[in-house]
Amino acid sequence: MPVSKRFIPAVLPELIVFDLDHCVWLPETYTLDSIPTTKDKVIGSLGSAGNGCTGVKCGNATLSPFPEVVEIMQAIEAGTYGNIKVAAASSADTPHAVKIAKSALQLLEVKPGVTFHQVMARGWPEGSTDHLQIGRTPPLSSDKATAHFPVLKKLTGVEYTGMLFFDDCEFFVVAVARTHI
């Protein structure tokens, strides 16, 4: 059932924060060889939204978002959740992995002609990418609880209790909760 037809709670978070690797897409960016470009797009079905970029070739592997995440992003783009903002908190292992992630966000689509990056930019100042906290280069580190999340809180003014965080690693979720809630 499409997200827009499911139960939507009366109280929504102000900010949804996604880890990227193994949460938004597979495979993990540190395992990939090359930074995707427009020539690396894989076109396929975006469900009821039509056909668009459903993956990007990164050397011998294809980086593809989970269909459920595409569905969530489609609902956010459609305004199903009001003015909710989206951010990323990803401790991508290497500068190369960061470049792959940032390029993939610019190429992968949630509906034809609308990229993940465009949906994630909704509600942020024009041209801003501060809400995309990706990597481990200082001031970021491998510890999202002490690096990525304080930056997002300062940038957005959203308290940690107003954030919904998706991460495939329970350690990071618990660390954020213990450190800030």
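Because the structure is a prediction, the values reported are computed rather than measured.

(A) Expanded view of helix H1 (residues 67-77). If you check which residues of H1 are buried, you get Val69, Val70, Met73, Gln74, Ala75 and Ile76. Those residues of H1 hidden inside the fold are in contact with strand S1 (15-18), strand S5 (61-65), strand S6 (85-90), strand S7 (109-111) and helix H3 (116-121). Positive backbone phi, approximately 85 degrees, marks Gly79, located one or two places after H1.

(B) Spatial organisation of the pattern of salt bridges. Counted by the stated rule, this structure contains four salt bridges. In this structure, Lys39 and Asp40 form a salt bridge, with 3.6 Å as the shortest nitrogen-oxygen distance. For Glu77, the salt bridge goes to Lys111, with nearest N and O atoms at 3.3 Å. With Glu77 in helix H1 and Lys111 in strand S7, this pair connects stretches of sequence that are 34 residues apart. Here Lys111 falls in the partly exposed class, since its relative accessible area comes to 30%.

(C) Layout of unusual backbone geometry. In this chain, Leu26 is followed by Pro27 through a cis amide linkage whose omega measures -10 degrees. Considering the arrangement of structural elements, one finds Pro27 in the loop between strand S2 (25-26) and strand S3 (41-45). Across the junction of Pro138 and Pro139, the peptide omega takes the value 15 degrees, indicating a cis bond. Within the secondary structure layout, Pro139 lies in the loop between strand S9 (132-134) and helix H4 (148-156). Unlike most non-glycine residues, His22 shows phi in positive territory, near 65 degrees. Mapped onto the fold, His22 is located in the loop between S1 and S2.

(D) Geometry of the sheet that holds strand S10 (residues 163-166). Pairing is parallel across the open sheet formed by four strands, whose spatial order is S9-S6-S1-S10. Lying at the two open borders of the sheet, with one neighbouring strand each, are S9 and S10. Averaged over all pairs of adjacent strands, the angle between strand axes in this sheet comes to 20 degrees, irrespective of strand direction. For S1 and S6, the ladder comprises four bridges, and the chain directions are parallel. Paired with Val17 across the two strands is Ala87, which belongs to S6. In the packing of H4 onto the sheet, contacts are made with S1, S6, S9 and S10, and the angle to S6 comes to roughly 155 degrees.

(E) Local environment of the packing of aromatic side chains. The full count for this structure, using the stated rule, is two aromatic pairs. The interplanar angle of 15 degrees and the centroid separation of 5.2 Å between the aromatic rings of Phe18 and Phe166 together place this pair among those described as stacked. Here Phe166 lies in strand S10 and Phe18 lies in strand S1, a separation of 148 residues in the sequence. The residue whose ring lies beneath Lys85 is Trp124, and the NZ or CZ to ring-centre distance is 4.6 Å.

(F) Representation of the nonpolar core in the model. In this structure, Trp25, Met73, Phe116 and Ile134 are the most contacted members of the largest nonpolar core, which totals 36 residues. Mapped by element, the contributors of at least two residues to this core are S1, strand S4 (51-58), H1, S6, helix H2 (95-107), H3 and S9. With seven residues, the top contributor of residues to this core is H2. Beyond its immediate sequence surroundings of up to four residues, Ile134 is in contact with Leu20, Ala88, Ser90, Ala92, Val98, Ala101, Lys102, Leu105 and Leu140. In this structure, Phe149, Leu152, Val158 and Phe165 belong to the second largest nonpolar core, which totals 11 residues.

(G) How the structure looks around the pairing of S5. Note: S2 against S5, two bridges, orientation antiparallel. Across the sheet, the residue bridging to Trp25 is Pro65, located in S5. The sheet contact formed by S4 and S5 spans three bridges and is antiparallel. Bridging across to S5, Lys57 finds its partner in Thr62. In sequence, S4 turns back onto S5 through a hairpin of two residues, with Gly59 there showing a positive phi of about 85 degrees.

Procedures and definitions
- Residues numbered from 1 in each chain as written.
- Predicted model: local features only at pLDDT ≥ 70, side-chain atom pairs only at ≥ 80, totals over all residues.
- Heavy atoms only, no water.
- Buried < 20%, exposed > 50% of the residue type's maximum accessible area, 1.4 Å probe, protein only.
- Helix = DSSP H or I, 4+ residues; strand = E, 2+ residues; numbered from the N terminus.
- Contact = heavy atoms within 4.5 Å.
- Salt bridge = Lys/Arg side-chain N within 4 Å of Asp/Glu carboxyl O.
- Pairing = 2+ DSSP bridges.
- Axes fitted to C-alpha atoms, helices over the stretch in contact; angles between N-to-C directions.
- Phe/Tyr/Trp six-rings, centres within 6.5 Å; stacked < 30°, edge-to-face > 60°.
- Lys NZ or Arg CZ within 6 Å of the ring centre and 35° of its normal.
- Core = buried A, V, L, I, M, F, W, Y, C linked by side-chain atoms within 4.5 Å.

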